[in-house]
Amino acid sequence: MPAILVVAHAPLASALQAVAAHVYAERTRQMMALDVAADAEPAAIESDIRAALERLGADEALILTDMFGATPCNAARRVADGVRVRVVAGVNVPMLWRALCYLGLQLDELVARAVDGGTNGVMHVPPENRRQNQSNSSALHDQDDDPHQQ
């Protein structure tokens, strides 16, 4: 079973791990978070990623990073081999929860599920159309008199 390592600018990785524990507490044992400090050296981050992967002890791992091209992602890319260790950038809560939900799958399928979760979890949400403290009386506002309603 693959492990998950979240590598992101501090304190995002730890915050995502805490959020993951709300729904998938038992699966967070196969997950670690690595917060990257603003002044961290790239070589030190790579070393920390390698050490975290070793502590996870899984044959395969999915590294989720916050943003493509940023230091956490660049360090993860240098560590990943593309076979046993894969990197997905743009981590969000839906992505992480989907990855944890499908943690028992093969790494290729886990990567696909994580990307789908992250992509499908981002959407424009319209406001609810609730009328609060407004009268339903048509005498107060007659749509027939409103030139914008014709």
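Look a little higher up for the structure.
Let me sum up the structure you'll find in this document. Computed from a predicted model, the values in this text were never measured in an experiment.

## A few points about the pairing of strand β3 (residues 61-65)
- Of all the five residues making up β3, five are buried; the element is thus mostly covered by neighbouring parts of the structure.
- Here β3 shows no split at all, with Ala61, Ile63 and Thr65 on one side and Leu62 and Leu64 on the other all buried.
- Here β3 pairs with strand β4 (residues 85-89) via five bridges, running parallel. The partner of Thr65 across the bridge, within β4, is Ala89.
- Handedness of the crossover joining β3 and β4 through helix α3 (residues 71-79): right-handed.

## So, the packing of aromatic side chains
- Tallied over the full model, the rule gives zero aromatic pairs.
- In this structure, Arg113 is placed above the aromatic ring of Tyr102, and the distance from its NZ or CZ to the ring centre is 4.1 Å.

## Let's talk about the side chain of Thr65
- With respect to the secondary-structure elements, Thr65 resides in strand β3.
- Judged by relative accessible area, which is 0%, Thr65 ranks as buried.
- In contact with Thr65, not counting residues within four places along its chain, are Val7, Pro72, Cys73, Ala76, Val87, Val88, Ala89, Gly90 and Val91.

## Points about helix α1 (residues 12-24)
- Over its 13 residues, α1 extends 18 Å from the first C-alpha to the last, a length consistent with the 18 Å expected when each residue adds 1.5 Å.
- Looking at α1, one finds that the buried residues are Ala13, Leu16, Ala20 and Tyr24. Take α1 and look down its axis: the buried residues cluster within an arc of 60 degrees, on one side only.
- The elements touched by buried residues of α1 are β1 (3-9), β2 (31-36) and α4 (93-101).

## Some remarks on α4
- All buried positions along α4 are accounted for by Met95, Leu96, Ala99 and Leu100. For α4, the buried positions fall inside an angular range of 130 degrees around the axis, keeping them on one side.
- Summarising the contacts, the buried residues of α4 are in contact with β1, α1, β2, β3, β4 and α5 (107-120).
- Two or three places before Met95, at the opening of α4, Asn92 has a side-chain oxygen 2.8 Å from that residue's backbone nitrogen.

## Regarding the nonpolar core
- Core analysis: the biggest nonpolar cluster contains 21 residues, and Ile4, Val6, Met31, Leu62, Leu64, Leu96 and Leu100 have the highest contact counts within it.
- Residue contacts for Leu96: discarding those within four places in its chain leaves Ile4, Val6, Leu16, Ala20, Met31 and Leu64.
- Counting 17 residues, the second largest nonpolar core, distinct from the first, contains Val7, Ile49, Leu56 and Ile63.

Rules and cut-offs
Residues numbered from 1 in each chain as written. Predicted model: local features only at pLDDT ≥ 70, side-chain atom pairs only at ≥ 80, totals over all residues. Heavy atoms only, no water. Buried < 20%, exposed > 50% of the residue type's maximum accessible area, 1.4 Å probe, protein only. Helix = DSSP H or I, 4+ residues; strand = E, 2+ residues; numbered from the N terminus. Pairing = 2+ DSSP bridges. Right-handed = clockwise from strand over helix to strand, strands pointing away. Phe/Tyr/Trp six-rings, centres within 6.5 Å; stacked < 30°, edge-to-face > 60°. Lys NZ or Arg CZ within 6 Å of the ring centre and 35° of its normal. Contact = heavy atoms within 4.5 Å. Expected span 1.5 Å × (residues − 1). Arc of directions from axis to C-beta. Polar contact = N/O pair within 3.5 Å; in protein donor to acceptor, adjacent residues only side chain to side chain. Core = buried A, V, L, I, M, F, W, Y, C linked by side-chain atoms within 4.5 Å.

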